[in-house]
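One letter stands for each residue in the lines below.
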Amino acid sequence: MKLSPKSSTSSAQAGEVETSTLNKVRLATKDPFFWSNWIVVIAFILVVLVFGALKPHSFLTMYNLNNILVASSIPAIIVVGQTFAVATAGIDLSISSIMTFGAVVYGIAFTNGSSWWVAGIAGTIAGTLCGFLNGLIIAKRKISDFIVTLGMLSVAAGFALVISNGVPRQIVSNSLSNLAIGGFGRIPYLMVIAFVITVAAHFFLFNTRFGTHILATGGDPDAARSMGVNIDLVKIVVYSISGTLAGFAAMLTISRIGAAEPAANTSLLLNSVAAVVLGGVSLFGGRGTIFGPFVAILLLQALTNGLTVVGVAAYYQYVSIGLVVILSAALVRTK
Amino acid sequence: MTNNPEYAIEVIDIQKSFGSVAALRGVSLFAKPGEVTAIVGDNGAGKSTLIKCIAGVYTADAGEIHIAGKKVHFTTPEESREFGIETVYQTLGLIEDLTIWQNLFLNREKMKGIGPFKILNKKAMRLESAQMLKNLDVYIPSIKGRVRGLSGGQRQAVAICRAAGWGSKVVIMDEPTAALGVRETAKVEDLISRMKEQGLAILLISHNFDQVLRLADQVWVMRQGNVMAGMRAKDTSGDELVALITGASAGKK
């Protein structure tokens, strides 16, 4: 049987295309980045499937999925800042305290007659200032990120208690509570806000010059400096972003609970670090994604929610989240 | 003052001290375009201090630097770079977790868009990166790959291409083959020869006399912060270089 030259070349071309796509897949699966990026997505799908199979009528309801989205949105905003800090080979331990401080500033502004959004700006700026201080001290005094933000954890939490006298303030505002309750169709407003911030952060990290410099600073600060990258500025901006997001998230928290509380929410800090690790961001800096930690937050919330639905006592949920974090870190490291 | 415009770079009577330690005691030398100029000397002879003065990492206490006959003055590496001086340090200055094209364009990113809405022009940078490597006949499987996946020789080649690819006039290389195997060394030496053909002035620091005699056109010998001798590479030998470096031979400028 004879093949016409035309058909033989076209089949040869098709064959080439096939091998090259196959090669691409093979190369991708060999790349350690591939696994650290996708492991969290696979885990998330697994968690949803398992709990969905166990409790299809309570876990997989619109109401419950909506709950998971609402519960994820504030941690998802916080984790963006944490991702930036970790991408520069740093860590921001102060975010939950900065959030508390921002909430207290919000409460004071609001109870002194500011409208809900003006108070929101005040709380956000308070967060920015704390983050800016973090970054300034880390960059200019060359003190480790860990120590500076650990100090800020205590300072911000302390100031929150000082200026509030340790008393929570009730915040009654229809517009604000509508933010927590309402949504575009089935998607809660809070999740929309979190998603917009996530997309913007992704764009910033991967499509701007400054984003590249963030990764370069985290990857190899000496090399980055030798190429003229202003690594001090990178640190200052990164921690300012983290503080700003924490201050902004404070308003969203108030919208959910209706009060500005001076108590720190420490599980938020743990969750943010956990999600960064789960999301495939290298703790040594220089490498990571924005969407990985975002999915990781969804995963952690789905896990907490699922365990509650299944009826596991809340105490065990802390244990399970801790185990998931250690396990995922171990998986990523043995790549 | 001599300021010969034929010299790509000329340093005149450069002095530099760190506290009471005089690292450079009045060093004068030059490098011509299209030539490899080697600087040899024992550890502590002042080679590294000299290239750091030229690269703008240190500012000399006294003396002048001329580029193509014009006196220049700079206090930072960025300023030195603006005058067309690029340095490839032993540490290379590559970011392992960034891609090859990101490294080639680090801090010189091509942008598109207007005003504050400028974003990275990734496509243009990838295209131009491929061209930068091609210009020097460097073959790297994919410029989208990360530096982490490259061999020592490939990394050296990327770092050298980055230094050569920015309209630079003088490329300083500090022990470019010290960490490489035989085959990779040969490739990097080829690369240096091609850069020479393109008219760059190359300042090469090397402890390998065979390499110096093979690659260099001009050799300067440094000892204890002074230039002991300067000669054409074809007029000297390994034995003579050793004698000059150790001080067994006094040398003449």
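Further up the page is the structure itself.
Residues numbered from 1 in each chain as written. Chains lettered and ligands numbered in written order. Predicted model: local features only at pLDDT ≥ 70, side-chain atom pairs only at ≥ 80, totals over all residues. Heavy atoms only, no water.

Comments concerning the layout of surface pockets
Residue and element names in this part refer to chain A. When its volume is computed, the second largest pocket comes out at roughly 670 Å³. Pro75, Arg256, Asn265, Ser267 and Leu268 are the residues nearest the centre of the second largest pocket, which is lined by 29 residues in total. The greatest single-element share of the lining of the second largest pocket, amounting to 5 residues, is contributed by helix 11 (residues 231–257). A per-class count over the lining of the second largest pocket returns 18 nonpolar, 9 polar and 2 charged. (1 Å grid on protein atoms, 1.4 Å probe; cavity = no way out; pocket = protein on both sides within 12 Å on 5 of 7 lines; lining within 4 Å. Points joined across faces, edges and corners; volume = space filled by probe spheres on them. Helix = DSSP H or I, 4+ residues; strand = E, 2+ residues; numbered from the N terminus. Nonpolar A, V, L, I, M, F, W, Y, C, P; charged D, E, K, R; others polar.)

Observations regarding the sheet that holds strand 5 (residues 70–72) of chain B
Residue and element names in this part refer to chain B. With antiparallel pairing, the 4 strands of this open sheet are ordered in space as 2-1-4-5. Looking at the sheet topology across the chains shown, the edges are occupied by strand 2 (21–31) and strand 5. Averaged over neighbouring strand pairs, the angle between their axes works out to 30 degrees when direction is ignored. Pairing of strand 1 (residues 9–18) with strand 2 involves 8 bridges; the strand directions are antiparallel. Residue pairing across strands places Gln15 opposite Arg25, the latter belonging to strand 2. (Pairing = 2+ DSSP bridges. Axes fitted to C-alpha atoms, helices over the stretch in contact; angles between N-to-C directions.)

Observations concerning the pattern of salt bridges
Tallied over the entire structure, the rule returns 17 salt bridges over all chains. Across the salt bridge formed by Asp61 of chain B and Lys16 of chain B, the nearest N and O atoms sit 3.8 Å from each other. Of this pair, Asp61 of chain B sits in the loop between helix 1 (47–55) and strand 4 (62–67) while Lys16 of chain B sits in strand 1; the two residues are 45 residues apart in sequence, bridging distant segments of the chain. Relative accessible area serves as the criterion here: at 12%, Lys16 of chain B is assigned to the buried category. Salt bridges linked by common partners bring Arg287 of chain A together with Glu96, Asp97, Arg148 and Arg155 of chain B together as one network. (Salt bridge = Lys/Arg side-chain N within 4 Å of Asp/Glu carboxyl O. Buried < 20%, exposed > 50% of the residue type's maximum accessible area, 1.4 Å probe, protein only.)

What about the packing of aromatic side chains?
Residue and element names in this part refer to chain A. Overall, the coordinates contain 10 aromatic pairs over all chains when judged by the stated rule. Relative to Phe59, the ring of Phe51 lies with its centre 5.5 Å away and its plane at 40 degrees, an arrangement referred to as tilted. Residue class for Phe59 comes out buried when judged on its relative accessible area of 0%. Between Tyr106 and Phe110, the ring centres sit 6.2 Å apart and the planes meet at 10 degrees, which makes this aromatic pair stacked. Within this pair, Tyr106 and its partner Phe110 are both found in helix 4 (residues 95–111), separated by 4 residues, close to a single helical turn. Considered together, Tyr106 and Phe110 belong to a single accessibility category, that of buried residues. (Phe/Tyr/Trp six-rings, centres within 6.5 Å; stacked < 30°, edge-to-face > 60°.)

With respect to the interface of chain A and chain B
Tallying the contact residues gives 22 residues for chain A and 18 residues for chain B. The largest per-residue losses of area from chain A upon contact with chain B belong to Arg209, Thr212 and Met227 of chain A, which jointly make up 35% of the total buried on that side. The interface formed by chain A and chain B contains 2 salt bridges. With a closest N to O distance of 3.1 Å, Arg209 of chain A and Glu109 of chain B form a salt bridge. Counting across the interface, chain A meets chain B through 9 residue pairs in polar contact (both at pLDDT 80 or more). Secondary-structure elements contributing two or more residues to the side of chain A that touches chain B are helix 8 (189–207), helix 9 (209–219) and helix 10 (221–226) of chain A. Top contributing element to the side of chain A that touches chain B by residue count: helix 9 of chain A, with 6 residues. Looking at the side of chain A that touches chain B, its residues break down into 9 nonpolar, 9 polar and 4 charged. (Contact = heavy atoms within 4.5 Å. Buried area = accessible area lost by both parts, 1.4 Å probe. Polar contact = N/O pair within 3.5 Å; in protein donor to acceptor, adjacent residues only side chain to side chain.)

Things to note about the packing of helix 12 (residues 266–278) of chain A against helix 13 (residues 291–310) of chain A
All names here are of chain A. The contact between helix 12 and helix 13 brings their axes to 8 Å, and the two run at 120 degrees. With respect to helix 13, the element helix 12 is oriented oblique. Note on packing geometry: the crossing formed by helix 12 with helix 13 is right-handed. Where helix 12 abuts helix 13, its residues Asn271, Ala274, Ala275, Val276 and Leu278 lie against Pro293, Ala296, Ile297, Leu299, Leu300 and Gln301. Its residues assigned to classes, the contact of helix 12 with helix 13 shows 9 nonpolar, 2 polar and no charged. (Parallel < 35°, antiparallel > 145°, perpendicular 65-115°, else oblique. Left-handed = near helix turned anticlockwise from the far one by under 90°.)

A look at helix 4 of chain A
All names here are of chain A. Between its terminal C-alpha atoms helix 4 stretches 24 Å, which fits the 24 Å expected from 17 residues at 1.5 Å a residue. Most of helix 4 is tucked away: 15 of the 17 residues are buried. Just downstream of helix 4 lies Gly113, where phi reads positive at about 100 degrees. (Expected span 1.5 Å × (residues − 1).)

So, the sheet that holds strand 6 (residues 85–88) of chain B
Residues and elements named next belong to chain B. With mixed pairing, 6 strands are arranged side by side in an open sheet as 6-9-10-3-11-12. Two strands bound the open sheet, and with one partner strand each, they are strand 6 and strand 12 (226–232). The mean inter-strand angle of the sheet, taken between neighbouring strand axes irrespective of direction, is 20 degrees. Sheet analysis places strand 3 (residues 36–41) next to strand 11 (residues 218–223), joined by 5 bridges and oriented parallel. In the strand pairing of strand 11, Ala38 is matched with Val219. In this fold helix 1 packs onto strand 3, strand 6, strand 9 (170–174), strand 10 (201–205) and strand 11, with an angle of close to 150 degrees to the strand it touches most, strand 9. With respect to the sheet, helix 5 (residues 152–164) is in contact with strand 6 and strand 9, its orientation differing from that of strand 6 by roughly 170 degrees.

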